[in-house]
Amino acid sequence: MNKGFFIDVQGTLIDDIDKSPIKGACEFISYLNNKNIPYVVITNNSKNKSEDFIEELKQKGFDIRNYIDPFYILKEVLKNKKIAAFGTEKFLEVLISMGYKIDFDDFESLIVSIREDYTNEDYSKMIECALKTDNLIAMHGTSIYSKNGKRYPGVGAIMSMVKFAVNKDYQIVGKPSLSFYEKARKLINLDFKDITVISDDMIGDLLGAQELGMKTNLVLSGKTRTKEEIVNTLEKDNLPNEVFNNMSEILESLKKGIV
């Protein structure tokens, strides 16, 4: 059994549709707290200020001890304040509150977050911006974005398209970047090999975790709905260590000393 956990939020702890706690999720966090098992809640939240999202989770019944989101990394790696940014209105408001100036004519960096209603015109604008700067930043590397029961291209998928279009690499500040996982690791002072990552995003979260030596648990309570959707597309070495329906099943396995 590994010594600690990294735990995703959307689709893992809370439901993608009504944002309520998923079966067993609150109980899982409480169990870790009571047993003093190290963990970090790792989320790609980019719609709310970090402190606001933590409070929102606590209001849902999660007594979270350790937390990290992409804004923790962004403020460390992006010092220039002139940016061209794409995402929800809430995301843009958070960036402005952090001191960034959004200007599509005069900018030094391109930042892309998630939004379910991007159009071809938006993608065209991203490409034009990417051609004007070498500093391309993805808030995270999600493969799929799920909202109200529908699935959309995640930031990772969008930025892969932009990269192919302009032949420029981009930096990821959220999952599954090394800088994100390393900052999370330091919060609980464990080696990667002693950490199990729990998430509903095999491509956007867990493959990167595997490369760092972490164990991976895939849950089917979010964007991934069946084991076959993902497992049949992976090489044997990239399969998750375990697949569970929800956090309730992981909690039962943890109590039995299996995970």
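Scope of this entry: the structure provided in the associated data block. (Residues numbered from 1 in each chain as written. Predicted model: local features only at pLDDT ≥ 70, side-chain atom pairs only at ≥ 80, totals over all residues. Heavy atoms only, no water.)

### Section: the overall build of the protein
Then step 1. Of regular secondary structure, the protein possesses 10 helices and 13 strands.
Then step 2. The C-alpha extent of the protein, read off along each of the three principal axes, is 60 × 40 × 35 Å.
Then step 3. The buried share among the 259 residues of the protein stands at 53%.
Then step 4. Long-range contacts, defined as pairs at least 24 residues apart, comprise 68% of the intrachain contacts of the protein with a sequence gap of at least 6.
Then step 5. Accessible surface, the protein as shown: approximately 12000 Å² in total, 46% of it carbon and sulfur. (Helix = DSSP H or I, 4+ residues; strand = E, 2+ residues; numbered from the N terminus. Buried < 20%, exposed > 50% of the residue type's maximum accessible area, 1.4 Å probe, protein only. Contact = heavy atoms within 4.5 Å. Areas by Shrake-Rupley, 256 points an atom, 1.4 Å probe, with all protein chains shown as cover.)

### Considerations on helix H5 (residues 120-131)
Then step 1. Here H5 spans 17 Å end to end across 12 residues, near enough to the 16 Å set by a 1.5 Å rise per residue.
Then step 2. Among the residues making up H5, those that are buried are Asp-122, Tyr-123, Met-126, Cys-129 and Ala-130. Down the axis, H5 shows its buried residues gathered within 120° of arc, on one side only. For H5, the exposed residues set more than 90 degrees away from the buried face come down to Asn-120 and Glu-121.
Then step 3. Tucked inside the fold, the buried residues of H5 contact strand S4 (82-86), strand S6 (109-112), strand S7 (136-138) and helix H6 (155-166). (Expected span 1.5 Å × (residues − 1). Arc of directions from axis to C-beta.)

### Observations concerning the sheet that holds strand S11 (residues 195-199)
Then step 1. Taken together, 6 strands build an open sheet; the order of strands is S3-S2-S1-S11-S12-S13 and the sheet is parallel. Edge positions in the sheet fall to strand S3 (67-68) and strand S13 (242-244), since each of these pairs with one other strand and no more.
Then step 2. Examined bridge by bridge, strand S2 (residues 39-42) and S3 share 2 bridges and lie parallel to one another. The residue of S3 that forms the bridge with Ile-42 is Ile-68.
Then step 3. With respect to the sheet, helix H1 (residues 25-34) is in contact with strand S1 (4-7), S2 and S11, its orientation differing from that of S1 by roughly 150°. (Pairing = 2+ DSSP bridges. Axes fitted to C-alpha atoms, helices over the stretch in contact; angles between N-to-C directions.)

### Quick look at the pattern of salt bridges
Then step 1. Going through the model one piece at a time under the given rule, you end up with 15 salt bridges.
Then step 2. A salt bridge links Lys-163 to Asp-169, with the shortest nitrogen-to-oxygen separation between them at 2.9 Å.
Then step 3. Residues Arg-185 and Glu-182 are paired through a salt bridge, measuring 2.7 Å at the closest nitrogen-oxygen approach. Taken together, the residues Arg-185 and Glu-182, both in helix H7 (residues 178-188) and 3 residues apart, mark about one turn of the helix.
Then step 4. One connected set of salt bridges, linked through shared partners, spans Asp-8, Lys-175 and Asp-205. (Salt bridge = Lys/Arg side-chain N within 4 Å of Asp/Glu carboxyl O.)

### With respect to the environment of Ile-22
Then step 1. Inspection of the secondary structure assignment puts Ile-22 in the loop between S1 and H1.
Then step 2. Separated by 167 residues in the primary sequence, Ile-22 and Asn-189 have C-alpha atoms spaced 28 Å apart.
Then step 3. Setting aside its immediate chain neighbours within four residues, Ile-22 contacts Gly-11, Thr-12, Leu-13, Ile-14, Asp-15, Ser-221 and Asn-246.

### Topic: a negative patch on the surface
Then step 1. Together, Glu-51, Asp-52, Glu-55 and Glu-56 give the surface a local cluster of negative charge.
Then step 2. Along the chain, Glu-51 turns up in helix H2 (residues 50-59). (Patch = residues over 30% accessible without salt bridge, like charges linked within 9 Å, V, L, I, M, F, W, Y side chains within 5 Å. Lys, Arg positive; Asp, Glu negative; His and termini not counted. Charge placed at Lys NZ, Arg CZ, Asp CG, Glu CD.)

### With respect to the nonpolar core
When a protein is soluble and globular, its nonpolar side chains tend to lie buried together.
Then step 1. Among the nonpolar cores identified, the biggest contains 36 residues, and Phe-6, Ile-42, Leu-74, Leu-95, Ile-111, Tyr-181 and Met-214 are the most heavily contacted of them.
Then step 2. Taken together, the elements giving at least two residues each to this core come down to S2, helix H3 (70-77), S4, helix H4 (89-97), H7, S11 and helix H8 (202-211).
Then step 3. Not counting chain neighbours up to four residues away, the residues in contact with Tyr-181 comprise Phe-6, Ile-42, Lys-175, Pro-176, Phe-192, Asp-205, Gly-208, Ala-209, Leu-212 and Met-214.
Then step 4. In terms of nonpolar packing, the next biggest core, distinct from the first, is built from 28 residues, Ala-25, Ile-54, Phe-62 and Val-259 among them. (Core = buried A, V, L, I, M, F, W, Y, C linked by side-chain atoms within 4.5 Å.)

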